[in-house]
Amino acid sequence: MTKKTVLALWFAGALLAEQGDSLALCSRCASPTVYAQTGTGTENAVAEAKFTDASLRDECTEQGLKGAGLTKCIADRKKEEAGKIYRASANCAAGKLKPVDGKEYTFAGVWDGSDIGEGRTKWRAVENGQIVGRDNASGGLGLSQQWEVLCPGPLKIRPAATSVRPTAPAARPASAAAAAPTQPVCNGAPQCLDVNSFAATVTDFRTSTSGGYRIVTATIRFQNKLARPIILGYVSGAGLALDDRGNRFGMNEGNGLQGLGFIRQNQVDPKFIIGAGQTGNARLEYAWYPRGGEIFGQVYDLEFSVREIVPVSATQFRIGLEHPLKFRGLADAVVSATPSPAAPALASAAPAGAAPLSAALETPAAADTVPAQAPAQPMVDHCAGAQRCYSAGPFTAQIQQLTASTVNGYQVLRFNMRFRNVTNQPLVLAYKSGTSIAIDNHGQRLTQSRQPVTGMGVWAGNSVNADFQVAPGQHRDATFEVWRYVARTLMGTGFTYDLTVQQLELLPANQIRGLREYTLNFTDLAASNPMGGAAPAGQQTLNESLRSLKDVFKRKK
């Protein structure tokens, strides 16, 4: 083994950060994971990172500790890192870097091939004018790694930034090139976070009350930046929301998570698959029960972690990189009583003839590598600006009519929805039981009624109805119903509506497999008939709703 190879192995800790959106601290220690990144590739590039539980466990394990010693090491490191944020910034055009050590450095060319780090950036310390060496003790390649996170891709430094004329970087090994950061998606967009493999954006945020609980609901849109499908899972126990009064909201790990699957210890749910260059939505809910006298906040910080799930075979998976995400300064959206002129969010659709999404479950991934450039697949909105329409990838869902009525003190909303298959393959869908909710303009929640859907089958654990099949280019309608007991509360007139639809795959011998969940989100909705009016022809009659309510009251006696 050559000296160059040995030194390269010493720097494995620093180089590992390239594969996980981390900021290298030193060559032999763990690296904090980036959870927030803005202005990537610009004059104001900023990245913030913190240690995850997984990285601290790996750090202690690598020391050879076991049992009580391992437990103590992890606890001590958690205490040391509690609340600690590592921040790095750069001016990518001027060749200026301020890494996690807080000092300032200027670009000084690229390293030659006489030692490790050939073709990577070289840095000069502003405080003493000295070049930071690339050896293990000096940590110059750690600076290079942080620069590559902040300013990915070819060098774009203006000539005036340095007297050293940068040469073209030498070709890096295939594994390193594959791990190079992808191009940013957020580009300064509000409430958007870029990580190497995807971007996450809060597209809708609401507060509501239910049974004494205060609840915050967020819709997160994930955009895959890779040239292959990606599978993501929510890390159980990693969700938290805080308001500006210090009240702590816990993640509702029942029906409070839609779209994303859970990762609990070694158990994974690989249902959240996003095709190359495409998007997918997830809905997260956090709840807090006031004990009396507390002052409610108005602005919220939201955080959770997702991990990549890597197929090993058609039925086996391993857990990949973890990405802590934190969104700051979220405020309750105002629900208008007037429908918005366009759909609230866009999602890409699988092109005609594309491989089915289930292929991601059949093809093992070679490694946790990331292509240097996301695929050039344009985002397509098949709604084409239509009102109350949501483009969900292989299909669109459009609310044809929203009707409202009152029955025995209940406010009842009915959503007549049209699903159109925009692929060239048959599509099978089912409503996921318990996921239909509406929040009105007073922050009051309406939940699914006793007959939550007509015209579409229901996915409920081991029970599934796969009758809702849509041919390529065709459409089918279904009606969803939610209600709320009004009593002496105000009647809502504007609504946001969420539900989850499961895409199914029909297998031989009458077997059915769930392929993917789609969380649909509609905002700025208003009823299209007078409050209390009868439902239009072709929908369930008011008498049918009344009979359902009478059954409820009979059981209460």
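Conventions we followed
Residues numbered from 1 in each chain as written. Predicted model: local features only at pLDDT ≥ 70, side-chain atom pairs only at ≥ 80, totals over all residues. Heavy atoms only, no water. Salt bridge = Lys/Arg side-chain N within 4 Å of Asp/Glu carboxyl O. Helix = DSSP H or I, 4+ residues; strand = E, 2+ residues; numbered from the N terminus. Buried < 20%, exposed > 50% of the residue type's maximum accessible area, 1.4 Å probe, protein only. Pairing = 2+ DSSP bridges. Disulfide = S-S within 2.5 Å. Contact = heavy atoms within 4.5 Å. Core = buried A, V, L, I, M, F, W, Y, C linked by side-chain atoms within 4.5 Å. pLDDT = per-residue confidence, 0-100.

Quick notes on the pattern of salt bridges
- The full count for this structure, using the stated rule, is 21 salt bridges.
- Put simply, Lys-78 and Asp-53 hold a salt bridge, and the shortest N to O gap is 3.8 Å. One end of the pair, Lys-78, is in helix H4 (residues 67–81); the other, Asp-53, is in helix H3 (residues 53–61), and 25 residues separate them in sequence.
- Under the relative-accessibility criterion, Lys-78 is labelled partly exposed at 38%.
- The partly exposed category is assigned to Asp-53, whose relative accessible area is 48%.
- Taking the shortest distance from any N to any O, the salt bridge between Glu-303 and Lys-326 comes out at 3.7 Å. Here Lys-326 lies in strand S19 (residues 317–331) and Glu-303 lies in strand S18 (residues 299–311), a separation of 23 residues in the sequence.
- Judged by its relative accessible area of 19%, Glu-303 falls in the buried class.
- Linked through salt bridges whose partners overlap, the residues forming this network are Glu-59, Arg-77, Glu-80 and Glu-81.

Thoughts on the pairing of S18
- The buried fraction of S18 is high, at 11 of 13 residues.
- In this structure, strand S10 (residues 230–235) lies alongside S18, joined through 3 bridges in antiparallel fashion. Of the residues in S18, the one forming a bridge with Tyr-234 is Val-306.
- One ladder, built from 4 bridges, connects strand S11 (residues 240–243) with S18; its direction is antiparallel. When the bridges of S18 are listed, Asp-243 appears paired with Tyr-300.
- The pairing of S18 with S19 spans 11 bridges and is antiparallel.

Description of the state of the cysteines
- In total, this model carries 4 disulfides according to the counting rule given.
- Note on cysteine connectivity: Cys-383 is disulfide-linked to Cys-389, with sulfurs 2.0 Å apart. The S-S bond linking Cys-383 to Cys-389 shows a torsion near -75 degrees; that makes this disulfide left-handed. The pair Cys-383 / Cys-389 is uniform in exposure class, with both members buried.

A few points about H3
- Among all positions in H3, only Ala-54, Ser-55, Leu-56, Glu-59 and Cys-60 are buried.
- If you follow the buried residues of H3, they end up packed against H4, S18 and S19.

What to know about the nonpolar core
- Among the nonpolar cores identified, the biggest contains 35 residues, and Phe-222, Phe-304 and Leu-325 are the most heavily contacted of them.
- For this core, the secondary structure elements donating two or more residues are strand S1 (33–38), strand S8 (198–210), strand S9 (213–224), S10, strand S12 (248–251), strand S17 (279–288), S18 and S19.

Looking at the confidence of the model for the protein chain
- When pLDDT is averaged across the protein chain, the result is 79; 78% of the residues are at 70 or more.
- Element-level pLDDT for the protein chain is lowest in helix H2 (residues 12–16), with a mean of 37, against a maximum mean of 96 in strand S29 (residues 475–485).
- Counting interchain partners and residues more than four positions distant, the pLDDT-below-50 stretch residues 161–179 has 26 contacts.

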